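# Structural overview
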Amino acid sequence: MAEPLKNVYNEAFLLQLSQKISAVYSPFSVESFIQQVMDKNWEEKALKERMRTITLAMGSFLPENYEDSIQILFTVNEFCSGFPYLIMPDFVEVFGQEEQHWDLSMQALEKFTQHSSAEFAVRPFIIRHPERMMEQMIKWSLHPVDHVRRLASEGCRPRLPWGQALTLFKQDPAPILPILEQLKADPSLYVRKSVANNLNDIAKDHPNIVIETARRWIGQDPHTDWIVRHGCRTLIRKAEPEVMALFGYAESAEGAALVTEAAITASPAALHIGESCDLSYNLIVREGDPARLRIEYGIDFVKSSGQVSRKKFLLSDKTVAGGTRLSGSRKHRWADLTTRKHYVGVHQIALLINGQESAFTEIDLKPANFSD
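As a starting point, this report considers the structure included with it. Just so we're clear, the structure is a prediction, and the values are computed from it rather than from any experiment.

## Focus on the overall build of the protein
- The helix and strand tally for the protein stands at 16 helices and 8 strands.
- With the principal axes as the frame, the protein shows a C-alpha extent of 75 × 60 × 35 Å.
- Here the protein holds 372 residues, and the buried ones make up 45% of them.
- Put simply, of all contacts in the protein between residues at least 6 apart along the chain, 68% involve residues at least 24 apart.
- Working note: accessible area of the protein is about 18,200 Å², and carbon and sulfur atoms make up 49% of it.
- Looking at the protein, you have 42 positive and 47 negative side-chain charges, and the mean spots of the two groups are 4 Å apart.

The structure is reproduced here in structure tokens:
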């Protein structure tokens, strides 16, 4: 099992960090800093709790004057890089939101994001001063360094994982769009991924905006085409007709289904929570022109209430000749996850072709078997 990400913040890291700060600012007490950080319920704290604990302790041992502290961290930052140093922009979020600190805090976020990422730290600034902050993000979208350009997009994602939700942009994403327009053909994949993820966030609340944007952007540049395809992935999973047509997925012709034969089977058909089954499918594509097919299976998971909720899993996405026979298999594990708990009962499994249900099977899920 992978080690929890929160463990990047450990005693060795704290020692390294405090020694770097002490080398620049001698009053900084290495021993007292580590003791304060790790003294209270450290092991129980989650990732962002650990990050914030470190930030607050830094504030206790650095100069009380924010400007002086930031200048020290500017120097230290030159010797720091990687995910753990999200604590640098976090320091700006905690201590640098006063009006008199605005310009310095913007400078600090720009510097710190080039060594880690300030995507979380900018969000409280957006919430408090949306117009002013989005003007700054536009400027960052023109920056020569890709880490800063990425911040312009990533920092204003409406649904950034682990970050504060930007409710104002869930309701109206219009302020985001000029930034995405500026970055839609960015030469950096790091930036393009962020633009696509931002579009995908917007699609969850305003699919029509993303569909209209995709229509305008597609075909202009290979970089832009990649963004459009990746940014529409949620709409593709939902098989939105306009999006499916935009990307060339085959439609049912009048009087002719996408496939003439389709089947899906599960073996074993009865199993216990924690076990696995083998899913196998086969199908025959209709005769005629080549067809682009997105082949998925969807499981109607039984919930604690007895109702069901479907989750889709991709099997294949490709263009095939008319009349092609396709088959494949996938092992599916029915073990509980942090994001999904399984419940006993009959689960229906559908074979989906471009979002259309083409065949069904089912398994009978029984309680976990602890006899072993």
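## Structural notes on the environment of V308
- With respect to the helices and strands, V308 occurs in strand β5 (residues 308-320).
- Taking the C-alpha atoms as reference points, V308 and E212, 96 residues apart in sequence, are found 33 Å from one another.
- What V308 contacts, discounting residues up to four positions off in sequence, is D300, F301, V302 and K303.

## A few points about the sheet that holds strand β6 (residues 325-333)
- What the 3 strands build is an open sheet, ordered β1-β3-β6; its pairing is antiparallel. Looking along the sheet, the strands with just one partner apiece sit at the ends: β1 (259-267) and β6. Across the sheet, the axes of successive neighbouring strands diverge by a mean angle of 15 degrees, strand direction being ignored.
- In the sheet, β1 pairs with strand β3 (residues 276-285) via 8 bridges, with the strands oriented antiparallel. Opposite A262, over in β3, you have L283 as the bridge partner.

## Focus on the packing of helix α1 (residues 11-24) against helix α4 (residues 66-77)
- Running from amino to carboxyl end, α1 crosses α4 at an angle of 115 degrees, the nearest separation of the two axes being 9 Å. Crossing of α1 against α4: the hand is right-handed. Together, K20, I21 and V24 of α1 and I72, T75 and V76 of α4 make up the contact between the two elements.
- When the residues that make up the contact of α1 with α4 are grouped by side-chain class, the tally is 4 nonpolar, 1 polar and 1 charged.

## Looking at the sheet that holds strand β2 (residues 270-272)
- Strand order in the open sheet formed by 5 strands is β2-β8-β7-β4-β5, and the pairing between neighbours is mixed. Both outer strands of the open sheet, β2 and β5, are each paired with one neighbouring strand and no more. Looking at each pair of strands side by side, their axes are set apart by 25 degrees on average, direction ignored.
- Relative to β5, strand β4 (residues 291-302) runs antiparallel, the two being bridged by 12 bridges. Paired with E296 across the two strands is L314, which belongs to β5.

## A closer look at the packing of aromatic side chains
- The final tally for this structure, using the stated rule, is 12 aromatic pairs.
- The side chain of K48 reaches across the aromatic face of F120, ending 4.6 Å from its centre.
- Geometry around F247 places R229 over its ring, the cationic atom sitting 5.6 Å from the centre.

## Some thoughts on the side chain of S194
- Here S194 lies in helix α12 (residues 189-203).
- On the basis of relative accessible area, S194 is assigned to the buried category, the value being 1%.
- Side-chain polar atoms of S194 contact the side chain of S153, separated by 2.9 Å.
- Every residue in contact with S194, bar those within four places of it in the chain, is listed here: R150, S153 and E154.

Parameters and conventions
Residues numbered from 1 in each chain as written. Predicted model: local features only at pLDDT ≥ 70, side-chain atom pairs only at ≥ 80, totals over all residues. Heavy atoms only, no water. Helix = DSSP H or I, 4+ residues; strand = E, 2+ residues; numbered from the N terminus. Buried < 20%, exposed > 50% of the residue type's maximum accessible area, 1.4 Å probe, protein only. Contact = heavy atoms within 4.5 Å. Areas by Shrake-Rupley, 256 points an atom, 1.4 Å probe, with all protein chains shown as cover. Lys, Arg positive; Asp, Glu negative; His and termini not counted. Charge placed at Lys NZ, Arg CZ, Asp CG, Glu CD. Pairing = 2+ DSSP bridges. Axes fitted to C-alpha atoms, helices over the stretch in contact; angles between N-to-C directions. Left-handed = near helix turned anticlockwise from the far one by under 90°. Nonpolar A, V, L, I, M, F, W, Y, C, P; charged D, E, K, R; others polar. Phe/Tyr/Trp six-rings, centres within 6.5 Å; stacked < 30°, edge-to-face > 60°. Lys NZ or Arg CZ within 6 Å of the ring centre and 35° of its normal. Polar contact = N/O pair within 3.5 Å; in protein donor to acceptor, adjacent residues only side chain to side chain.

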